[in-house]
There are 2 protein chains.
Amino acid sequence: MERIPQRKPMTFQEKLQEYAKLIVNIGVNVQEGQDIVLRCPVECYEFGRMIVEEGYKAGAKEVIVHWGDEQVSRLTYDYADLSVFETVQEWQAESRNKYAREGACFITISGGDPEIFKGVDSAKLKAYAKACDKAFEEFYNRMMASEIPWNVVAVPNKKWAMKVFPELSEEEAVEKLWEAVFFAVRIGESDVVEAWRKHNQSLAEQCKKLNELQFEKLHYKNSLGTDFIVGLVENHIWEGGAEEDSKGVTFVANMPTEEVFTMPDCRVADGKVVSSLPLSFEGTLIKNFSLTFKNGRVEEFTAEEGYEALERLLNSDEGSRHLGEVALVPYKSPISQMNILFYNTLFDENASCHFAFGECYPTTVKGGTKMTAEEITKVGGNHSMNHVDFMVGTSDLCITGITKEGKEIPIFENGNWVL
Amino acid sequence: MERIPQRKPMTFQEKLQEYAKLIVNIGVNVQEGQDIVLRCPVECYEFGRMIVEEGYKAGAKEVIVHWGDEQVSRLTYDYADLSVFETVQEWQAESRNKYAREGACFITISGGDPEIFKGVDSAKLKAYAKACDKAFEEFYNRMMASEIPWNVVAVPNKKWAMKVFPELSEEEAVEKLWEAVFFAVRIGESDVVEAWRKHNQSLAEQCKKLNELQFEKLHYKNSLGTDFIVGLVENHIWEGGAEEDSKGVTFVANMPTEEVFTMPDCRVADGKVVSSLPLSFEGTLIKNFSLTFKNGRVEEFTAEEGYEALERLLNSDEGSRHLGEVALVPYKSPISQMNILFYNTLFDENASCHFAFGECYPTTVKGGTKMTAEEITKVGGNHSMNHVDFMVGTSDLCITGITKEGKEIPIFENGNWVL
């Protein structure tokens with residue numbers, strides 16, 4: 001379904017304010033007396049303050065801000081010894097785990113320099129990713145299971161804006177990127193809350209159809225060379241738009257979000273997938289890559305650029321060689337229509353059909369949030385320290401659903417829904 | 001001793017860089033393999049990054065940045081319930097205590113809005129001060145005993161600059177305040193390291209003379225109405241400029257620093273002291289106040305402005321009614337010569353002779369850093385959750401030292417050293 005935006009004139013400050021409200025009230029949907037943990041880059045401290053104030057206005061008990069700075073992280077990678085990255089301090093782990101345990105909601109502001117970690121010693125990156133995975137396990141588990149409300153949004157910074165619009169001045173680029181962000185999250189429409197309600201409803205309807213059909217496999221084909229079959233786990237659930245936390249509170253984990261997604265059977269994937277957009281991993285761009293799967297596993301891969309980064313990603317652990325997410329996005333989605341390469345997964349994944357290497361979402365199989373890790377494995381769910389999306393959608397992509405009975409039903413034709 | 005600055009032309013960026021180097025190398029004097037904990041307001045993140053880089057260049061193992069924002073604190077005071085301020089979370093306490101325990105050095109960037117907490121519910125401020133006092137006890141104790149190197153410096157922000165120079169535009173005010181800060185910390189002199197070496201030496205010589213004389217009491221008198229006798233503890237030590245941490249590493253805790261200071265006997269203080277500069281406490285300015293002491297205790301007080309804040313300060317605990325520090329600063333000190341009211345203790349205390357209510361420095365009595373709290377009390381040292389400086393120096397201040405034998409020796413005449 002396409003939306004016809006009704007624009008009303010708003011100043012930049014008004015849009016910022018509306019964005020902050022949207023994040024707090026629709027994004028995590030904070031409840032009276034609940035804590036909010038906000039992760040915010042220091043560079044956008046003014047917007048961080050807005051979220052804090054909107055959080056309190058919406059009834060938060062306390063808004064705890066974890067400020068961060070990717071430039072400081074980069075300096076640390078450049079100067080500190082490997083040993084520094086092998087441990088996450090207990091106090092740091094608790095600074096998130098404690099609040100996850102107590103049912104806080106989590107807002108994360110992304111949107112830094114897409115190439116901030118380019119050239120960093122990969123042993124350090126890998127060690128730190130591993131240390132975080134262990135230290136924040138409680139937080140990650142509760143988040144991936146949607147036990148607590150969480151939300152990731154983006155705020156442009158200069159480096160990111162210049163990457164997206166290299167032909168503009170820094171100031172113009174930041175301004176243009178803000179406008180793109182506002183458009184993508186429906187700021188500026190006459191009633192942003194109503195716009196999100198309708199949008200969530202439309203995504204929910206698509207999920208309902210797919211959930212009833214319970215396809216066993218999906219067959220992807222396009223002129224780039226993709227010819228690929230992926231299995232879905234039994235009793236998989238297609239999700240999209242709003243979710244519910246363990247208390248039944250509705251939240252939207254990503255803004256923007258245009259996708260419906262489910263859990264692949266990580267043991268069933270065969271054929272070749274060709275990327276349709278670059279993938280940014282640990283600050284390195286991987287361009288024009290292809291993956292050849294056999295029995296669910298990437299057995300061969302190529303990349304015109306960033307081959308080593310792709311290799312590092314796939315070798316992180318066994319689960320990084322398998323899929324954890326299958327997501328459908330029409331080629332004519334609003335973000336796709338902007339025709340901007342954002343170099344940021346939050347946006348680019350919503351412009352294109354995609355898969356993710358690595359960890360699956362337990363919410364996307366029936367009863368999954370109550371399953372142990374072993375039970376998830378047993379039904380075909382994937383485990384990994386990574387969860388990295390990569391794009392495969394093109395204007396000529398065809399996706400056919402194959403039912404248990406072997407019946408073939410077209411889902412996508414020429415990049416868009418036909419179901 | 002007066003310095004004759006030799007200026008060399010430096011750009012603003014060069015001065016910033018030199019300031020960052022000064023803080024790391026002379027301020028905390030970080031040693032190879034030592035951690036640095038940097039507390040930095042988000043508003044000056046660019047300067048924070050400079051310190052991080054200089055820290056690594058100087059050999060730091062890791063530079064841990066605790067970003068903070070006083071505007072977020074203010075929002076929390078305004079919206080959150082009292083209960084939120086009654087506890088400091090364990091992870092927050094450990095985020096400082098752990099590093100103090102392990103011998104890190106601590107850099108704190110001050111310099112926010114002097115009135116940021118004006119009008120905040122004093123019960124919340126008091127509860128939080130108490131909770132911090134308990135949670136960070138290990139950190140504070142190690143810091144106050146100079147076991148670990150620490151350093152407090154200031155970075156101008158807009159609100160502070162406008163408070164100091166209300167007649168200027170925001171941009172001009174910030175620029176002028178930066179120049180004042182640079183001048184105060186000797187940035188722009190031909191060799192800032194050499195300038196600090198000489199300065200520390202001159203303060204050390206004054207301390208040596210005073211330490212040899214071992215005055216029993218000091219008698220203060222000026223035309224504002226001050227007529228006041230304060231006792232010094234036996235075996236007191238006058239300190240000033242550089243100190244040594246428990247490993248013998250030289251550091252400078254405050255930049256600027258123009259004072260020499262020692263430990264008063266908190267049981268011996270009689271007469272009236274009249275303030276010569278306003279005192280900022282919890283964001284409220286206390287102006288033109290006087291204190292009448294009897295047997296070491298403030299028994300009466302007046303204030304033309306901010307009486308309630310003064311009352312709150314004095315009623316924080318019993319120790320807040322007694323003195324913890326006696327400090328001497330010549331009226332013709334460079335900061336005094338600038339003739340700027342900074343509304344910031346770091347600067348204003350170095351423009352004027354002062355005392356502090358509250359906690360004493362164990363380093364200022366012989367063997368003090370090895371004494372228990374009870375032993376400190378026994379020799380006459382003061383304990384309190386507060387340590388708040390207030391200024392008493394004027395152009396006509398006379399201070400006379402009284403030896404054990406009752407001999408009177410002039411220390412200050414007309415506001416300056418005569419010893």
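Residues numbered from 1 in each chain as written. Chains lettered and ligands numbered in written order. Predicted model: local features only at pLDDT ≥ 70, side-chain atom pairs only at ≥ 80, totals over all residues. Heavy atoms only, no water.

## Considering the packing of helix 1 (residues 12–27) of chain B against helix 2 (residues 45–57) of chain B
Residues and elements named next belong to chain B. Closest axis-to-axis distance for the helix 1/helix 2 pair is 9 Å, and the angle between their directions is 50°. Classified by the angle their axes make, helix 1 and helix 2 are oblique. Crossing angle aside, the handedness with which helix 1 passes helix 2 is right-handed. In contact with Gln13, Leu16, Gln17, Tyr19, Ala20, Lys21, Ile23 and Val24 of helix 1, helix 2 contributes Phe47, Met50, Ile51, Glu54 and Gly55. When the residues that make up the contact of helix 1 with helix 2 are grouped by side-chain class, the tally is 8 nonpolar, 3 polar and 2 charged. (Axes fitted to C-alpha atoms, helices over the stretch in contact; angles between N-to-C directions. Helix = DSSP H or I, 4+ residues; strand = E, 2+ residues; numbered from the N terminus. Parallel < 35°, antiparallel > 145°, perpendicular 65-115°, else oblique. Left-handed = near helix turned anticlockwise from the far one by under 90°. Contact = heavy atoms within 4.5 Å. Nonpolar A, V, L, I, M, F, W, Y, C, P; charged D, E, K, R; others polar.)

## Describing the pairing of strand 17 (residues 387–391) of chain B
Residues and elements named next belong to chain B. With 4 of 5 residues buried, strand 17 lies mostly within the body of the structure. Bridging between strand 16 (residues 354–358) and strand 17 involves 5 bridges; their strand directions are antiparallel. If you follow histidine 354 over to strand 17, its bridge partner there is methionine 391. (Buried < 20%, exposed > 50% of the residue type's maximum accessible area, 1.4 Å probe, protein only. Pairing = 2+ DSSP bridges.)

## Focus: the state of the cysteines
Enumeration according to the criterion identifies 0 disulfides over all chains in this entry. Free of any disulfide, cysteine 132 of chain A has its nearest cysteine sulfur in cysteine 40 of chain A, 19 Å distant. Here cysteine 44 of chain B is not cross-linked by a disulfide; its sulfur's nearest cysteine counterpart is in cysteine 40 of chain B, at 3.8 Å. Under the relative-accessibility criterion, cysteine 44 of chain B is labelled buried at 11%. (Disulfide = S-S within 2.5 Å.)

## Thoughts on unusual backbone geometry
Between methionine 255 of chain A and proline 256 of chain A the backbone carries a cis peptide bond, its omega angle lying at 5°. The backbone phi angle of asparagine 235 of chain A is positive, close to 60°, even though this residue is not glycine. Considering the arrangement of structural elements, one finds asparagine 235 of chain A in the loop between strand 6 (227–232) and strand 7 (239–240). Residue asparagine 235 of chain A is classed as partly exposed on the basis of its relative accessible area of 43%. Positioned with a positive phi, serine 146 of chain B is a non-glycine residue whose angle comes to about 55°. Positionally, serine 146 of chain B belongs in the loop between helix 6 (137–144) and strand 4 (150–154).

## Examining the interface of chain A and chain B
Contacts between the two partners involve 30 residues from chain A and, on the opposite side, 30 residues from chain B. For the pairing of chain A and chain B, the buried interface totals around 2,900 Å² over both sides, and the portion due to carbon and sulfur atoms is 68%. Linking chain A with chain B are 4 salt bridges. Notably, a salt bridge pairs arginine 49 of chain B with aspartate 69 of chain A, separated by 2.7 Å at the nearest N-O pair. Our enumeration of links across chain A and chain B arrives at 12 residue pairs in polar contact (both at pLDDT 80 or more). Of all the secondary-structure elements, those providing two or more residues to the side of chain A that touches chain B are helix 2 (45–57), strand 2 (63–68), helix 3 (70–79) and helix 4 (90–101) of chain A. Residues of the side of chain A that touches chain B, tallied by class, amount to 15 nonpolar, 6 polar and 9 charged. (Buried area = accessible area lost by both parts, 1.4 Å probe. Salt bridge = Lys/Arg side-chain N within 4 Å of Asp/Glu carboxyl O. Polar contact = N/O pair within 3.5 Å; in protein donor to acceptor, adjacent residues only side chain to side chain.)

## Overview of the packing of aromatic side chains
Tallying each qualifying case throughout the model produces 56 aromatic pairs over all chains. Look at phenylalanine 301 of chain A and tyrosine 307 of chain A: their rings are 5.0 Å apart centre to centre, the planes differ by 20°, and that puts the pair in the stacked class. Exposure remark for tyrosine 307 of chain A: the relative accessible area of 36% places this residue in the partly exposed category. Three or more aromatic residues joined by ring pairs make a cluster, and in this case those are Tyr220, Phe228, Phe289, Phe293, Phe355, Phe357 and Phe390 of chain A. It is arginine 96 of chain A that lies over the ring of phenylalanine 136 of chain A; its NZ or CZ is 3.9 Å from the centre. Lying across the ring of tyrosine 343 of chain B, lysine 163 of chain B places its NZ or CZ 4.9 Å from the centre. (Phe/Tyr/Trp six-rings, centres within 6.5 Å; stacked < 30°, edge-to-face > 60°. Lys NZ or Arg CZ within 6 Å of the ring centre and 35° of its normal.)

## Considerations on the side chain of aspartate 245 of chain A
Residues and elements named next belong to chain A. With respect to the secondary-structure elements, aspartate 245 resides in the loop between strand 8 (243–244) and strand 9 (250–251). Buried within the structure, aspartate 245 lacks any salt-bridge partner; lysine 247 is the closest side chain of opposite charge, at an N-O distance of 6.1 Å. Discounting chain neighbours no more than four positions away, the residues touching aspartate 245 are Ser146, Glu147, Ile148, Pro149 and Phe251. (Lys, Arg positive; Asp, Glu negative; His and termini not counted.)

## Description of the pattern of salt bridges
All names here are of chain A. For the coordinates displayed, the defined rule picks out 38 salt bridges over all chains. Of the charged contacts in the structure, one is a salt bridge between arginine 186 and glutamate 258, with a shortest N-O distance of 3.1 Å. Taken together, the positions of arginine 186 in the loop between helix 8 (170–184) and helix 9 (192–213) and glutamate 258 in the loop between strand 9 and strand 10 (260–262) put the pair 72 residues apart, joining distant regions of the chain. Glutamate 258 shares its class with arginine 186; the two are buried. Taken together, the shared-partner salt bridges connect Glu94, Arg101, Glu138, Arg142 and Glu147 into one network.

## Thoughts on the confidence of the model for chain A
Residue and element names in this part refer to chain A. In the predicted model, chain A carries a mean pLDDT of 94, and the fraction of residues at 70 or more is 98%. For the stretch residues 1–5, pLDDT sits under 50, and the model shows 9 contacts to residues farther than four places along the chain or on other chains. The complex prediction reports pTM at 0.86, with the ipTM value standing at 0.85. (pLDDT = per-residue confidence, 0-100.)

## What to know about the nonpolar core
Ranked by size, the top nonpolar core spans 174 residues in total, and within it Tyr19 and Phe47 of chain A together with Tyr19 and Phe47 of chain B carry the most contacts. Among the elements that make up this core, the one with the highest residue count is helix 8 (residues 170–184) of chain B (8 residues). When near neighbours in sequence (up to four residues on either side) are disregarded, tyrosine 19 of chain B contacts Phe47, Val153, Ala154, Trp178, Val181, Phe182, Val185 and Ile187 of chain B. Core analysis: the second largest hydrophobic core is formed by 41 residues, Phe228, Val260, Val273 and Leu310 of chain B among them. (Core = buried A, V, L, I, M, F, W, Y, C linked by side-chain atoms within 4.5 Å.)

## Description of the relation of the copies chain A and chain B
Each of the two chain copies can be brought onto the other by rotation about an axis and movement along it. With an RMSD of 0.1 Å, chain A superimposes on chain B once it is rotated by 180° and translated 0.0 Å along the axis. Here the symmetry operator amounts to a two-fold rotation axis. Considering only C-alpha atoms, the part of chain A nearest the rotation axis is tryptophan 91 of chain A, at 2.2 Å. Comparing interface residues between copies, 100% of those in chain A also lie at the interface in chain B; the contact surface is shared. (Least-squares fit on C-alpha atoms with pLDDT ≥ 70 in both.)

## Notes on the sheet that holds strand 2 (residues 63–68) of chain B
Residues and elements named next belong to chain B. Judged by pairing direction, the sheet is parallel, and its 4 strands sit side by side in the order 2-1-3-4 without closing on themselves. The sheet terminates laterally at strand 2 and strand 4, the two strands that pair on one side only. Sheet twist, expressed as the mean angle between neighbouring strand axes with direction ignored, is 15°. Examined bridge by bridge, strand 1 (residues 36–41) and strand 3 (residues 105–110) share 4 bridges and lie parallel to one another. Counterpart to leucine 38 in the pairing with strand 3 is isoleucine 107.

## Remarks on the sheet that holds strand 2 of chain A
All names here are of chain A. What the 4 strands build is an open sheet, ordered 2-1-3-4; its pairing is parallel. The strands lining the two open edges of the sheet, one partner per strand, are strand 2 and strand 4 (150–154). Going from strand to strand, the sheet's axes swing by 15° on average, the running direction of each strand aside.

## Focus on helix 2 of chain B
Its 13 residues place the ends of helix 2 of chain B 18 Å apart at the C-alpha level, agreeing with the 18 Å of an ideal helix rising 1.5 Å per residue. Among the structural elements, helix 2 and helix 3 of chain A together with helix 1, strand 1, strand 2 and strand 3 of chain B are those in contact with the buried residues of helix 2 of chain B. Glycine 59 of chain B occupies a position one or two residues after helix 2 of chain B and carries a positive phi of about 105°. (Expected span 1.5 Å × (residues − 1).)

## Some thoughts on helix 1 (residues 12–27) of chain A
Because an α-helix completes one turn every 3.6 residues, residues spaced three or four positions apart along the sequence face the same direction. Residue and element names in this part refer to chain A. Of the residues making up helix 1, those classed as buried are Lys15, Leu16, Glu18, Tyr19, Ala20, Leu22, Ile23, Val24, Ile26 and Gly27. Turning to helix 1, the residues buried within the fold contact helix 2, strand 3 (105–110), strand 4, helix 8, helix 9 and strand 9. Two residues or fewer after helix 1 comes asparagine 29, characterised by a positive phi angle close to 50°.

## Some remarks on the pairing of strand 3 of chain B
Residue and element names in this part refer to chain B. Among the 6 residues that make up strand 3, 5 are buried, leaving the element largely enclosed by the rest of the structure. Direction of pairing for strand 3 relative to strand 4: parallel, over a ladder of 5 bridges. Considered in strand 4, the bridge of serine 110 is made with alanine 154.

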